[in-house]
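Here is how the chains run, residue by residue.
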Amino acid sequence: MKTMRIATRGSKLALWQADHISALLRAAHPGLDVELCIIKTKGDKILDVPLARIGGKGLFVKEIEEALLAGEADIAVHSMKDVPAQLPAGLKLGIIPERETPADCFLSARYENIAALPAGAKVGTSSLRRQTQFAALRRDARIESLRGNLDTRVDKLMRGEFDAIIVAMAGLRRLGLTAPYMAELTPPEFYPAVAQGALGIEYREDRPDLDDLLGFLDHAPSRICVAAERAFLFALDGGCQVPIAGFAELSDDIIHLTGLVGDLCGERIIRKQGSGPAGSPAELGAAVAQEVLAAGGREILAQVYPVCP
């Protein structure tokens, strides 16, 4: 192969991710040319509506996957948290590079942390999962939808439109974005989205040449943890922007997985944990999902899913 065509969204973060993979490919395969194919997705086009109201699965990947299937690009570089649990026929997530931190981050121009926020503080987030967990910590806060690219969200914070915002730590690190006050939000107080912080390289199943070309990028521990989290999501039929969190860690060939489902107000949060062998991440994810459903998650999701188109 002389030229690799990478399909990507056009946001600064998406371009950073595509450029990052491009640089690694060119370093490993001297003489390989890499081209970026920038594609605008539905999620990029509709910025004035909360994600949950746009609905559907694959808001940020559908058009990119169509380009892969049409042969208009060779690979796609995704933020794995945006990728639905079920892929279109003919495509696969062949490579999961080493994962960045999955944690969320609290940012503010005036307040040191969540506890320091005044009553009635205006907090911005694009995620019902973040909204649910934040509401459980501070029921007095006003949580409002915050859409847009990551740099746009930080700009809105610094212009005083919000007292604080919650975003993914991985994106901040990749773009070098900061705020006067930043506090990492980690388990057990705050659980991340399934596969948050991980990148995924998607391509057609009938391209074994890409398995060989890209294989050096795959990071087995990250792949195993992401597989367990995505199996949990799949078992909940989680594709709409619903309050679902999943976090897996690998230790001595044992996966430890925590799965969470919450209502929209943060009044009821179901959290279950499980462990299993590294060779069976899908089985563990499904098992933890069944525990969450049996403990009340089924009723919560039945209330949430109808609001998603």
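Residues numbered from 1 in each chain as written. Predicted model: local features only at pLDDT ≥ 70, side-chain atom pairs only at ≥ 80, totals over all residues. Heavy atoms only, no water.

*Asks:* Residue-level account of the overall build of the chain, with values.
*Replies:* From N to C terminus, the chain includes 10 helices and 13 strands. Taking 19 Å as the expected radius of gyration for a compact globule of 309 residues, we find that the chain reaches 19 Å, a close match to that expectation. In terms of overall dimensions, the chain has C-alpha extents of about 60 × 45 × 40 Å along its principal axes. Out of the 309 residues belonging to the chain, those deemed buried represent 53%. A sequence separation of at least 24 residues applies to 70% of the contacts in the chain between residues at least 6 apart. With the model as given, the accessible surface of the chain reaches about 13,300 Å², and the carbon-plus-sulfur share is 49%. Here the chain carries 35 positive and 40 negative side-chain charges, and the mean point of each set is 5 Å from the other. (Helix = DSSP H or I, 4+ residues; strand = E, 2+ residues; numbered from the N terminus. Rg over C-alpha atoms; globule rule 2.2 N^0.38 Å. Buried < 20%, exposed > 50% of the residue type's maximum accessible area, 1.4 Å probe, protein only. Contact = heavy atoms within 4.5 Å. Areas by Shrake-Rupley, 256 points an atom, 1.4 Å probe, with all protein chains shown as cover. Lys, Arg positive; Asp, Glu negative; His and termini not counted. Charge placed at Lys NZ, Arg CZ, Asp CG, Glu CD.)

*Asks:* Could you give an account of the sheet that holds strand β4 (residues 91–95), naming the residues involved and the relevant values?
*Replies:* Strand pairing in a sheet takes place through backbone hydrogen bonds and is either antiparallel or parallel in direction. What the 5 strands build is an open sheet, ordered β2-β1-β3-β10-β4; its pairing is mixed. Two strands in the sheet have a free side with no partner beyond their single neighbour: β2 (33–38) and β4. Taking each pair of neighbouring strands and ignoring which way they run, the sheet shows an average axis angle of 35°. Where strand β1 (residues 3–8) and β2 come together, 6 bridges link them in parallel fashion. Within β2, the position partnered with Ile6 by the bridge is Leu36. (Pairing = 2+ DSSP bridges. Axes fitted to C-alpha atoms, helices over the stretch in contact; angles between N-to-C directions.)

*Asks:* Which residues make up the sheet that holds strand β9 (residues 181–185), and what values do they have?
*Replies:* Taken in spatial order, the 5 strands of this open sheet run β7-β6-β8-β5-β9, and their pairing is mixed. What marks the edges here is a single partner per strand, and that holds for β7 (142–145) and β9. Within the sheet, the average angular offset between the axes of one strand and its neighbour, ignoring direction, is 25°. Pairing of strand β5 (residues 104–108) with strand β8 (residues 164–168) involves 4 bridges; the strand directions are antiparallel. In the sheet register, Cys105 faces β8, and the bridge partner there is Val167. Helix α5 (residues 128–137) contacts β5, β6 (122–125), β7 and β8 of the sheet and is inclined by roughly 130° relative to β8. Against the sheet, helix α6 (residues 150–158) engages β5 and β8, with an angle of about 165° to β8.

*Asks:* Which residues make up the pattern of salt bridges, and what values go with them?
*Replies:* In the structure shown here, the tally under the stated rule is 19 salt bridges. Residue Arg207 is joined to Asp74 by a salt bridge in which the shortest nitrogen-to-oxygen separation is 3.1 Å. Taken together, the residues span a long stretch of sequence, with Arg207 in the loop between β10 (199–204) and α8 (208–214) and Asp74 in the loop between α4 (62–69) and β3 (75–79) at a distance of 133 residues. Asp74 carries the same exposure label as Arg207, and that label is buried. The salt bridge partner of Asp104 is Arg130, with a shortest N-O separation of 2.7 Å. In this pair, Asp104 sits in strand β5 while Arg130 sits in helix α5, placing the two residues 26 residues apart along the sequence. Within the structure, one salt-bridge network assembled from shared partners comprises Arg5, Asp74, Arg207 and Asp209. (Salt bridge = Lys/Arg side-chain N within 4 Å of Asp/Glu carboxyl O.)

*Asks:* Please set out the pairing of β7 residue by residue, giving values where relevant.
*Replies:* Across 4 bridges, β6 lies against β7 in parallel orientation. Looking across to β7, one finds that Thr125 is bridged to Ser145. Once you follow β6 into α5 and on to β7, the crossover reads as right-handed. (Right-handed = clockwise from strand over helix to strand, strands pointing away.)

*Asks:* I'd like a description of the nonpolar core, backed by residues and values.
*Replies:* Among the nonpolar cores identified, the biggest contains 31 residues, and Met80, Phe232, Leu236, Ile244, Ile255 and Val261 are the most heavily contacted of them. Contributions of two or more residues to this core are made by α9 (220–235), β11 (244–251), β12 (254–262) and α10 (281–304). Sort the elements by how many residues they give to this core and α10 lands first, with 8 residues. Shared between two domains, this core holds at least three residues of each, these being domain 1 (1–97 + 198–218) and domain 3 (219–302). Those residues in contact with Phe232, other than ones at most four positions away along the chain, are Ile244, Ala245, Leu257, Gly259, Leu260, Gly285, Ala286, Val288, Ala289 and Val292. (Core = buried A, V, L, I, M, F, W, Y, C linked by side-chain atoms within 4.5 Å. Domains from an automatic or database assignment.)

*Asks:* Could you give me a rundown of the domain arrangement of the chain, with the residues and numbers involved?
*Replies:* Here the domain parsing of the chain yields domain 1 (1–97 + 198–218), domain 2 (104–185) and domain 3 (219–302). The C-alpha centroid of domain 2 is placed 28 Å from the C-alpha centroid of domain 1.

*Asks:* Can you lay out unusual backbone geometry for me, pointing to particular residues and giving the numbers?
*Replies:* At the junction of Pro187 and Pro188, the peptide bond is cis and its omega measures out at 5° in the coordinates. With respect to the helices and strands, Pro188 occurs in the loop between β9 and β10. The backbone phi angle of Asp252 is positive, close to 50°, even though this residue is not glycine. Here Asp252 falls in the exposed class, since its relative accessible area comes to 73%.

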